[in-house]
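Observations on the model geometry
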Amino acid sequence: MLRLRNFLDQHCENKGLIQVIDGLMVACKDIAYKVQLGSLAGVLGSAEKENVQGENQKKLDVIANDLIKSALRGMPQVKGLASEEEADPVACNPNGEFLVLFDPLDGSSNIDVNVTVGTIFSVLQSNPEDDATHEATYLQIGREQIAAGYVLYGPSTLLVLSTGKGVYSFTLDPRVGEFYLQREKIRIPTTTKEFAINMSNQRFWLPQMQEYVGDLLRGEDGPLGKRYNMRWIASMVAEIHRILTRGGIFLYPYDSREPNKPGKLRLMYEGNPMSMLIEQAGGKASTAFEDIMTVEPTSIHQRVSVVMGSADEVESVVNYHRS
Ligand code: P6P
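Anyway, here's the lowdown on the structure attached to this text. (Residues numbered from 1 in each chain as written. Predicted model: local features only at pLDDT ≥ 70, side-chain atom pairs only at ≥ 80, totals over all residues. Heavy atoms only, no water.)

**Let's talk about the pattern of salt bridges**
Test applied: A carboxyl oxygen of Asp or Glu within 4 Å of a side-chain nitrogen of Lys or Arg is what we treat as a salt bridge. Only DSSP runs of H or I covering at least 4 residues are called helices, and only runs of E covering at least 2 are called strands; the numbering of each starts at the N terminus. Burial here depends on accessible area, computed with a 1.4 Å probe over protein chains only, as a share of the maximum for the residue type. Under 20% is buried, over 50% is exposed, and the range in between is partly exposed.
Tallied over the entire structure, the rule returns 22 salt bridges. A salt bridge links Glu 84 to Arg 266; its shortest N-O distance comes to 2.5 Å. Of this pair, Glu 84 sits in the loop between β3 (78-83) and β4 (90-91) while Arg 266 sits in strand β14 (residues 265-266); the two residues are 182 residues apart in sequence, bridging distant segments of the chain. Both residues of the pair, Glu 84 and Arg 266, belong to the buried class. Notably, a salt bridge pairs Glu 279 with Arg 143, separated by 2.8 Å at the nearest N-O pair.

Structural data, given as structure tokens:
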């Protein structure tokens, strides 16, 4: 079995990037250990404070963020970082080349009910003159990413990674603390009969989204001509992993509950990295109006409408929104 570091040495020419991914995995292995221990490590429950998003922070949100922040600040290759749990970007090493943006524990509302969560990360390059304390340094479109991935803390702990040459997955062997190559050049089926959306928001969607989902529910008698199944785990990393494994479509579209926000999910450290993985695996990732990775960012924590997965199904959603 091929160890992660051996794979990276063979697959990735950018030696600095290899160091960043290797170092990030040290922190993620520690997070995996604490997630597995749960109440035994005293890491469950609320941290009794809110993050910059106004969301209640779980203890593990804070622990995971601190572990990753500490690991990145110790790497000479990392110039700066931005996190869902940090109001502002954090400068790391002035001579570093890479910017790392991350959601330290996506789906953390599931932690206390023992459901899969994960770490999502995106890697950008910086220019030597860039100031890593300035938000503008990080505001690059998704197509500029040089790597993206997630670590899934589920029944197994998995790393799913792309450095721009396809998508690869690795399984952590906790007995030895090593990730081993599991799947190479993952491809998403272009069609699907499985959709993931939070149906409780239906009345708040745009009419075009209500029409599309209504047609999904009409099944084989409707215009889409097939019976669909539905999933909703409320953990984006788990939904995207299912789609990378067997196809499907994940939707968290704009809704009118907060009309001034384009969506719930964050562009820079959720939408963009997941879009890179999906597109590298042959899928599509759209806001329903444009490719997510062409959205011009205006702030680190900005939100985005998300429709991603099997290419033909995403194209169908885009067509509903053209009319
Ligand atoms: P809702 C988790 O909080 C998250 O950011 C994503 O991982 C997940 O897909 C979504 O929000 C769940 O949102 O509104 O269903 O709780």
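We are not done yet, so read on.
**Regarding the nonpolar core**
As a rule of thumb, nonpolar side chains are buried together in soluble globular proteins. Applicable threshold: Nonpolar core, defined: a set of buried Ala, Val, Leu, Ile, Met, Phe, Trp, Tyr and Cys residues in which side-chain atoms within 4.5 Å join the residues together. Pairs of residues are marked as contacts when any of their non-hydrogen atoms sit within 4.5 Å.
In terms of nonpolar packing, the biggest core is built from 45 residues, with Met 25, Leu 72, Tyr 153, Leu 159 and Phe 170 touching the most fellow members. Tallying contributions element by element places helix α2 (residues 15-37) first for this core, with eleven residues. Those residues in contact with Met 25 that lie beyond four places of it in its chain are Leu 4, Phe 121, Val 151, Leu 159 and Phe 179.

**Some details on the site of the ligand**
Quick reminder of the rule: Only a single heavy atom is needed: when it lies within 4 Å of a molecule or strand, its residue is near that molecule or strand. Think of a polar contact as two N or O atoms within 3.5 Å of one another; within protein, one of them needs to be a possible hydrogen donor and the other a possible acceptor, and neighboring residues in sequence only count if both atoms come from side chains. For accessible areas, the Shrake-Rupley method is used with a probe of radius 1.4 Å. Any residue's cover is judged against the shown protein chains and nothing else. Here the term charged refers only to Asp, Glu, Lys and Arg, the term nonpolar to Ala, Val, Leu, Ile, Met, Phe, Trp, Tyr, Cys and Pro, and the term polar to all other amino acids, Gly among them.
In the vicinity of the ligand lie 13 residues, with Asp 106, Asn 198, Met 236, Tyr 252 and Lys 264 positioned nearest. In the model, an oxygen atom of the ligand is placed 2.9 Å from a nitrogen or oxygen of the Asn 198 side chain. With respect to the ligand, the backbone of Met 236 contributes an N or O atom lying 2.7 Å from an oxygen atom. Taking 400 Å² as the accessible area of the ligand by itself, protein coverage stands at 82%. At the level of elements, β13 (249-252) and β14 are the ones that each hand at least two residues to the shell around the ligand. Residue classes in the shell around the ligand are distributed as six nonpolar, three polar and four charged.

**Structural notes on the pairing of strand β17 (residues 306-309)**
Basically, it comes down to this: Any two strands between which DSSP finds at least two bridges are classified as paired.
What you see with β17 is no split at all: Val 306 and Met 308 on one side and Val 307 and Gly 309 on the other are buried throughout. As paired elements, β13 and β17 share four bridges and run antiparallel to each other. Bridge pairing in β17 places Ile 249 opposite Gly 309. As paired strands, strand β15 (residues 284-286) and β17 are joined by three bridges and run antiparallel to one another.

**Here's the deal with unusual backbone geometry**
The backbone of Glu 48 shows a phi angle near 60°, a positive value even though the residue is not glycine. Tracing the backbone through its elements, the reader meets Glu 48 in strand β1 (residues 46-50). The phi torsion at Lys 185 lies on the positive side, around 45°, for a residue other than glycine. Its location among the elements puts Lys 185 in the loop between β10 (178-183) and β11 (194-196).

**Description of helix α5 (residues 236-246)**
In terms of burial, α5 is a largely internal element, nine of the eleven residues being buried. All of the buried residues along α5 are Met 236, Val 237, Ala 238, Glu 239, Ile 240, His 241, Arg 242, Ile 243 and Leu 244. Positive phi appears at Gly 247, one or two residues downstream of α5, with a value of about 90°.

**Description of the sheet that holds β17**
As a reminder, the rule being used: Every axis in this analysis is a line fitted to C-alpha atoms, fitted for helices over the stretch in contact. Angles between the N-to-C directions lie between 0 and 180 degrees.
The strand order β12-β11-β13-β17-β15 describes an open sheet built from five strands, whose pairing is mixed. Looking at the sheet topology across the chains shown, the edges are occupied by β12 (229-231) and β15. Within this sheet the neighbouring strands show an average axis-to-axis angle of 15°, counted without direction. In the sheet, β11 pairs with β13 via two bridges, with the strands oriented parallel. In the strand pairing of β13, Phe 195 is matched with Ile 249. Strand contacts of helix α4 (residues 207-217): β11, β13 and β17, with the helix running at about 140° to β13, the strand carrying the most contacts. Together, β15 and β17 form the strand contacts of helix α6 (residues 267-280), whose direction differs from that of β17 by roughly 25°.

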